[in-house]
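# Residue-level structural notes
Residues per chain, in single letters:
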Amino acid sequence: QARATATAGDFEPQGVSMLMSALSKMFIKNPDAGLVEAMQGRARETAGDFEPQSVSMLMLALAKMGIKPDAGLLEALQQQATATAGDFKPHDVANLMWGLGKMGVTPDAGLMKAMQRRAIATAGNFKPQGVAMLMWAFAKMDITPDADLVKAMQGQAMATAGDFKPQNIANCMWALATMELRPDADLVKAMQGQAMATAGDFNPQHVL
């Protein structure tokens, strides 16, 4: 961490994101404050060069470590995400929105519109985890998504129901209930069937 802090000025956007992602995967909740400050500073300096994957990876990593970006970095990354929204892949959309939701950050209007539009356009490529993460994010933000997005995500959830894991089922259904959105009857049937098929893998938190 000390070495990374000392050479922060040499980091490219991908390097910043990968380093912070690695720390989050090591379950490091309190990385060195100097390192965090240095990496956030470098990310602000290079925000205009961040690709979608790097933006979403960094936001996801910071959220997992319980770190809320400073206002300048948050604004810069949201602007970059909005500008490059057309290149976001489903997992990028889900990771970015989940990260913001976990941090308790409400995206600015431009980013929200761009991410919803992109999610609708790529809905057919969302994996169960991505569907669940995206819907969970909206629920945590206390924002009801556009009707077209809800329809698209429910459709994809039904199409991939057989691949849903217990946590995906729990998060998806919790999100719909929290947003007071009535799921399609076919989705309820599909989720119930998958829940029964994977009942042995549920833990108490999933059930509650």
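Residues numbered from 1 in each chain as written. Predicted model: local features only at pLDDT ≥ 70, side-chain atom pairs only at ≥ 80, totals over all residues. Heavy atoms only, no water.

## Describing the nonpolar core
- Counting residues in each nonpolar core, the largest one holds 61 residues, and the members touching the most others are Met20, Leu96, Met97 and Leu134.
- Considering each element in turn, this core owes the most residues, ten residues, to helix 8 (residues 128–141).
- Excluding its chain neighbours within four sequence positions, the residues that come into contact with methionine 97 are Pro107, Met112, Met115, Leu134, Ala137, Phe138 and Met141. (Core = buried A, V, L, I, M, F, W, Y, C linked by side-chain atoms within 4.5 Å. Buried < 20%, exposed > 50% of the residue type's maximum accessible area, 1.4 Å probe, protein only. Helix = DSSP H or I, 4+ residues; strand = E, 2+ residues; numbered from the N terminus. Contact = heavy atoms within 4.5 Å.)

## Thoughts on the packing of helix 10 (residues 166–178) against helix 11 (residues 185–197)
- Orientation of helix 10 relative to helix 11, taken along the N-to-C sense of each, is 150°, at an axis distance of 11 Å. Relative to helix 11, helix 10 is oriented so that their crossing is left-handed. Across from Ile169, Met173 and Leu176 in helix 10, the residues of helix 11 making contact are Leu187, Met191, Gln194 and Ala195.
- Residues belonging to the contact of helix 10 with helix 11 are distributed by class as follows: six nonpolar, one polar and no charged. (Axes fitted to C-alpha atoms, helices over the stretch in contact; angles between N-to-C directions. Left-handed = near helix turned anticlockwise from the far one by under 90°. Nonpolar A, V, L, I, M, F, W, Y, C, P; charged D, E, K, R; others polar.)

## Quick word on helix 2 (residues 13–25)
- The end-to-end C-alpha distance of helix 2, which contains 13 residues, comes to 18 Å, matching closely the 18 Å that a straight helix rising 1.5 Å per residue would cover.
- Inspection of helix 2 places Pro13, Val16, Ser17, Met20, Ser21, Leu23 and Ser24 among the buried residues, and these make up the whole buried set. All buried residues of helix 2 lie within an arc of 160° about the axis, which places them on one face of the element.
- Those residues of helix 2 that are buried lie in contact with helix 3 (33–46) and helix 4 (52–64). (Expected span 1.5 Å × (residues − 1). Arc of directions from axis to C-beta.)

## Comments concerning the environment of serine 21
- If you trace the backbone, serine 21 turns up in helix 2.
- On the accessibility criterion, serine 21 (10% relative accessible area) is buried.
- Distance from serine 21 to proline 145, taken between C-alpha atoms, is 28 Å for residues 124 residues apart in sequence.
- Discounting residues that sit within four places of it in the chain, serine 21 has contacts with Met57 and Ala61.

Spatial relationships are all this shows, so hold off on functional conclusions.
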